[in-house]
Amino acid sequence: MYYIGYDIGSSSVKVALVDAVTGEKIIALHEPADEMAIIAFHKDWAEQDPELWWEYICTATKRAIKEANIDASKISGIGISYQMHGLVVVDKEGTALRNAIIWCDSRAVAIGDKAFEEIGAEKCATHLLNSPGNFTASKLKWVKDNEPEIYKNICKFMLPGDFIAFKLTGKIVSTRNSLSEGILWDYKENKVANFLLDYYGIDTALTPDLVDNFTNQGELTDKASKESGLPVGIPVVYRAGDQVNNALSLNIFKPGEVAATGGTSGVLYAVTDKLDSKETSRVNSFVHVNYTTERPIVGKLLCINGAGIQYRWLRNHSVVDSYENMNRKASKVPVGSDGVVVIPFGNGAERMLNNKNVGTHFLNLNLNKHSHGHLCRAALEGIAFSFVYGMEIMKNDNTEIKVIRAGNDNLFRSEIFSNTVATLIGHEIEIYNTTGSVGAARAVGLLDGDFEKFGENIIKNDHVMTYMPLKNNEPYVEAYNNWKKELELIITKK
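Note that the coordinates shown come from a computational prediction; the quantities given were computed from them, not determined experimentally.

What to know about the overall build of the chain
Right, on to step 1. Across its full length, the chain holds 17 helices and 22 strands.
Right, on to step 2. Relative to the globule expectation of 23 Å for 494 residues, the C-alpha radius of gyration of the chain, 22 Å, shows essentially globular dimensions.
Right, on to step 3. Here the C-alpha coordinates of the chain stretch approximately 70 × 55 × 45 Å along the principal axes.
Right, on to step 4. Taking all 494 residues of the chain together, 59% fall into the buried category.
Right, on to step 5. Roughly 19,800 Å² of accessible area belongs to the chain as shown, and the carbon and sulfur atoms make up 48% of that amount.
Right, on to step 6. Across the chain, the mean location of the 52 positive side-chain charges is 3 Å away from that of the 61 negative side-chain charges.

Take a look at the structure:
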């Protein structure tokens, strides 16, 4: 038997098939071949047609079944991961009324900021564990204010994963996970945050009914079976936003465990059982996949916009043709890059810097002394230092850090980057070879609620290596303090 998992990103839709007993990956692929288009009618807007997500899911599913050469009737369950914070609105027939407003759209920033100010920081911190921000609820308010003809025809609003589950099952339902990712969950009252919808003047009847994760959330319809190639009647049993699902994929379930992502942007996602937040404007909190009323487990997420994009920029604007060659040059330069400092925040406003856009800075260059290798090492160190700086913020937000687990992606393939982070935080970094779609497929097996067994299978199937903190941490501490001093000088001038 097999499980199938989907990961609906903004660049592509990924699909994976895994063995239902062992969790071993059978196949993983994506559609389309090129990146999906993001529609931007105005500056800072970002939209996608949700029907295209479904079209790519159907194409990718048929490909996966054919290329894996399996009997589709042996696929017994579906898991879904999806781009977080998006908004899909449908009419009573389930037809999308407009393009989805996706995660990187910032049209609702002012709406969320005003709500935070008028509702109050204390209530937001104790009930939402977040500022309303530029999330799903605020985007729905934007539709109400700016597209009243569309708003009056809305039957339900959904997040992207809810929409795909609807296309599969014909049922419009959501989960606590999904609603929390839209800043629509009241942690204190353990229910939908209707007070925020009331504040926005949004009809609370537009909220989908709730179902639990790791249960039968709806079964595949005849129509969906014909379009996708999946067998009629198999259940959708799991859905979670991509960063929450990434944590599940890396066996992150217990307080002190942290998932890290080092792609274009960087993400730290730490699990905690403490339902309070002192950093609602810099750190986001979401219902984690093993959250229960009796033991509420929350994931705290911190995003670093200026991460891998900085190293990519350096590669694209230099004579070095690969990351491997850049890493080789960097390895010949001592810790601290002989005083060169790179501040990597050049990818828009940084939430962890209180939404300041400080830009990228190359500091202390000596044209008679420093080489391209110094720039490469200083860039890697600067990105690593930004992760450490983010962890300091998270620790200030009642977050414990015991171990970091990361996917085997670009930044974590660099020994300089991973050794720097591990040494400065004093904890090991475990590297795993897994993906979001594989994690979503494996999550179908959590119908039995055995998170320990689930985690053991990840360690057995996916562990690549572990970076241990280096014993001589003094050069790293000195370099980090120099970097931090330069950053804070720049922040004060903004």
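Considering helix 15 (residues 436-443)
Right, on to step 1. Counting buried positions along helix 15 gives 8 out of 8 residues, so the element sits mostly inside the fold.
Right, on to step 2. Residues of helix 15 that are buried: Gly 436, Ser 437, Val 438, Gly 439, Ala 440, Ala 441, Arg 442 and Ala 443.

Some thoughts on the pairing of strand 14 (residues 257-262)
Right, on to step 1. With 6 of 6 residues buried, strand 14 lies mostly within the body of the structure.
Right, on to step 2. In strand 14, alternate side chains face the same way, and those of Glu 257, Ala 259 and Thr 261 on one face and Val 258, Ala 260 and Gly 262 on the other are all buried.
Right, on to step 3. Strand direction decides the pairing type here: strand 14 and strand 20 (residues 403-407), joined by 4 bridges, are parallel. Of the residues in strand 20, the one forming a bridge with Val 258 is Ile 404.
Right, on to step 4. Two strands pair when backbone bridges link them, and strand 14 and strand 15 (residues 266-272) are joined in this way by 5 bridges, in the antiparallel orientation. Looking at the pairing, Val 258 lines up with Ala 270 of strand 15.
Right, on to step 5. Two successive antiparallel strands, strand 14 and strand 15, enclose a turn made up of 3 residues.

Some words on the pairing of strand 13 (residues 236-241)
Right, on to step 1. In terms of residue burial, strand 13 counts as a mostly covered element, since 6 of its 6 residues are buried.
Right, on to step 2. As paired strands, strand 5 (residues 75-82) and strand 13 are joined by 5 bridges and run parallel to one another. Its bridge partner being in strand 13, Gly 79 is matched across the sheet by Tyr 238.

What about the sheet that holds strand 22 (residues 463-467)?
Right, on to step 1. Strands sit in the order 16-17-15-14-20-21-22 across an open sheet of 7 strands; the sheet is mixed. Looking along the sheet, the strands with just one partner apiece sit at the ends: strand 16 (284-287) and strand 22. Direction aside, the axes of adjacent strands within the sheet are offset by 25° on average.
Right, on to step 2. Sitting on the sheet, helix 10 (residues 242-249) touches strand 14, strand 15, strand 16 and strand 17 (298-304), and the angle it makes with strand 14 is about 115°.
Right, on to step 3. Against the sheet, helix 16 (residues 451-462) contacts strand 21 (429-432) and strand 22, and its axis sits at roughly 90° relative to strand 22.

Considerations on the packing of aromatic side chains
Right, on to step 1. Scanning the entire structure with this criterion turns up 18 aromatic pairs.
Right, on to step 2. Cluster of aromatic residues (ring-pair linked, three or more members): Phe 214, Tyr 238, Phe 253, Phe 451 and Phe 454.
Right, on to step 3. Directly above the aromatic system of Trp 142 lies the positively charged group of Arg 107, at a separation of 4.5 Å from the ring centroid.
Right, on to step 4. The ring of Phe 195 has Lys 123 lying over it, and the distance from NZ or CZ to the ring centre is 4.4 Å.

Some thoughts on the nonpolar core
Right, on to step 1. The biggest cluster of nonpolar side chains holds 67 residues, and the ones touching the most others in it are Phe 157, Leu 196, Tyr 238, Leu 248, Tyr 269 and Val 289.
Right, on to step 2. The contacts of Leu 248, once residues within four sequence positions are left out, are Phe 214, Tyr 238, Phe 253, Val 289, Gly 439, Ala 443, Leu 446, Phe 454 and Ile 458.
Right, on to step 3. Counting residues in hydrophobic clusters, the runner-up holds 53 residues, among them Val 358, Ile 425, Ile 429 and Ile 431.

Parameters and conventions
Residues numbered from 1 in each chain as written. Predicted model: local features only at pLDDT ≥ 70, side-chain atom pairs only at ≥ 80, totals over all residues. Heavy atoms only, no water. Helix = DSSP H or I, 4+ residues; strand = E, 2+ residues; numbered from the N terminus. Rg over C-alpha atoms; globule rule 2.2 N^0.38 Å. Buried < 20%, exposed > 50% of the residue type's maximum accessible area, 1.4 Å probe, protein only. Areas by Shrake-Rupley, 256 points an atom, 1.4 Å probe, with all protein chains shown as cover. Lys, Arg positive; Asp, Glu negative; His and termini not counted. Charge placed at Lys NZ, Arg CZ, Asp CG, Glu CD. Pairing = 2+ DSSP bridges. Axes fitted to C-alpha atoms, helices over the stretch in contact; angles between N-to-C directions. Contact = heavy atoms within 4.5 Å. Phe/Tyr/Trp six-rings, centres within 6.5 Å; stacked < 30°, edge-to-face > 60°. Lys NZ or Arg CZ within 6 Å of the ring centre and 35° of its normal. Core = buried A, V, L, I, M, F, W, Y, C linked by side-chain atoms within 4.5 Å.

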